[in-house]
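Chain residues, written in single-letter form:
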Amino acid sequence: MSGLPVHTLNDGTTLPAIGFGTYPLKGEECVTAVQSAIEAGYRLIDTAVNYGNEGEVGEAIRRSGVPREELVVTSKLPGRAHAYDDAVASVRGSLDALGLDRIDLHLIHWPNPRVGRYVDAYRALVDLRAEGLVRTVGVSNFTEEHLLRVIDATGVTPAVNQVELHPYFPQVGMRAVHERLGIRTESWSPLGKRQAPFDEPPVAEAAERHGVTPGQVILRWQLQLGNVPVPKSATPERQRQNLDVLDFELADDEVAAITALGRPDGRLFDGDPDTHEEM
Ligand SMILES: NC(=O)C1=CN([C@@H]2O[C@H](COP(=O)(O)OP(=O)(O)OC[C@H]3O[C@@H](n4cnc5c(N)ncnc54)[C@H](OP(=O)(O)O)[C@@H]3O)[C@@H](O)[C@H]2O)C=CC1
Ligand SMILES: O=C(O)C(=O)[C@@H](O)[C@H](O)C(=O)CO
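Here the residue numbering is sequential within each chain, running from 1 through the sequence in written order. All chains are assigned letters beginning at A, and all ligands numbers beginning at 1, according to the order in which they are written. Local features in a predicted model are, by the rule used here, given only for residues with pLDDT of at least 70; side-chain atom pairs are given and counted only at 80 or more, and totals for whole chains, interfaces and linings are based on all residues. Derived side-chain values reflect all non-hydrogen atoms in the structure, with water molecules and hydrogen atoms excluded from consideration.

J.: Describe in detail the environment of L133, supporting the description with residues and values.
T.: Looking at the element boundaries, L133 is found in the loop between α4 (118-131) and β7 (134-140). For the pair L133 and D101, spaced 32 residues apart in the sequence, the C-alpha separation amounts to 6.6 Å. Residues contacting L133, with those up to four places away along its chain left out, are R92, L95, D101, R102, I103 and L128. Secondary structure elements are taken from DSSP: a helix is a run of H or I of four residues or more, a strand is a run of E of two residues or more, and numbering for both begins at the N terminus. For this analysis, residues touch if any pair of their heavy atoms sits within 4.5 Å.

As structure tokens, this is what we get:
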């Protein structure tokens, strides 16, 4: 086992405190990166149909030699597969591509509210859970309204909502919604990707004080807020660094100063779930 702390989700399953993001890795670079991530200790792997790399993730898992039950494999249903039967077919396609007989956590990638079929897609995931093909049902990029609609329709609360979350977009409101509903927050682009705020004083000064890198400060901030970050790195050294965030602790005022970097226009791109359509 990797020794990473885990969170218990609302369905009784567990999720490692940090995961590994795989977008936009492809081909042999992806296999090598996922393999080295598993070797470094990652046990939560984040892929999606739309990343076009489920095959590579499956191959890395097989090459790793790590027992299957130690890994939490996440995939995501694309917008074009929200009709019930299409969702079932998409999950079966993901299982084939991954070479697995179960996906541990399956998310609806984006709600695509203009299409208006995310409730059908959610019903399909709930039914696939009953069949044992999906272990845990979750969503991604859902607002409070989307969450309440799927809960109301099925009586099943998503275990996870994976949302854009980094210091410039700390999602204070959605984290409170998740807390109230018993949903674990996962953070995508947890470092801030191409706009990582490594030079912002609250981050840079905390790094200096604790003798760590700015990236480690941001990931530690994520952990102390209870979020599960899924940082991507193609570099083994950074992969290890991004996991090595358990041996220091930020003070409350350091956490608050990083959260205060948030700004209304802090999203990385035009990814407002109410309007962004990703098929
Ligand atoms: N559900 C959704 O809609 C979305 C989900 N995601 C998921 O989230 C994952 C992570 O998000 P992503 O957008 O990649 O953003 P991240 O915040 O993880 O940033 C990744 C970038 O940061 C670099 N990096 C990684 N570690 C460090 C470090 N310690 N110091 C400096 N630079 C570093 C990487 O470069 P290098 O590889 O060269 O190290 C890469 O360029 C994705 O891979 C995907 O799995 C992402 C977007 C949307
Ligand atoms: O990486 C993901 O999961 C996405 O949803 C991306 O496609 C994201 O929307 C993006 O990078 C768009 O430029």
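J.: Describe the pairing of strand β5 (residues 72-77), with residues and values.
T.: The classification of residues rests on relative accessible area computed with a 1.4 Å probe and restricted to protein chains. Under 20% of the type maximum is buried, over 50% is exposed, and intermediate values are partly exposed. For β5, the buried fraction is high: six of the six residues fall into the buried class. Burial along β5 is two-sided: the face carrying V72, T74 and K76 and the face carrying V73, S75 and L77 are both buried. Here, any two strands with at least 2 DSSP bridges between them count as paired. Summarising the sheet, strand β4 (residues 44-46) and β5 pair through three bridges and their orientation is parallel. Of the residues in β5, the one forming a bridge with L44 is V72. The definition of a right-handed crossover adopted here requires that, viewed with the strands pointing away, the path from the first strand over the helix to the second runs clockwise. One crossover worth recording links β4 to the parallel β5 by way of helix α2 (residues 54-64), and it is right-handed. Chirality of the crossover, the property in question, places the unit of β5, helix α3 (residues 84-98) and strand β6 (residues 103-108) among those that are right-handed.

J.: Go over the pattern of salt bridges, please, and point to the residues and values.
T.: When a carboxyl oxygen of Asp or Glu is within 4 Å of a side-chain nitrogen of Lys or Arg, the pair counts as a salt bridge. This structure, assessed with the given rule, holds 13 salt bridges. K76 is the salt-bridge partner of D46, the closest N and O atoms lying 2.7 Å from each other. Of this pair, D46 sits in strand β4 while K76 sits in strand β5; the two residues are 30 residues apart in sequence, bridging distant segments of the chain. Accessibility classification places D46 together with K76 in one group, the buried group. Between D104 and R68 there is a salt bridge, with the nearest N and O atoms lying 3.0 Å from each other. Of this pair, D104 sits in strand β6 while R68 sits in the loop between α2 and β5, placing them 36 residues apart in sequence. The buried category is assigned to D104, whose relative accessible area is 0%. If you follow the salt bridges from partner to partner, you end up with E28, E59, R62 and R63 in one network.

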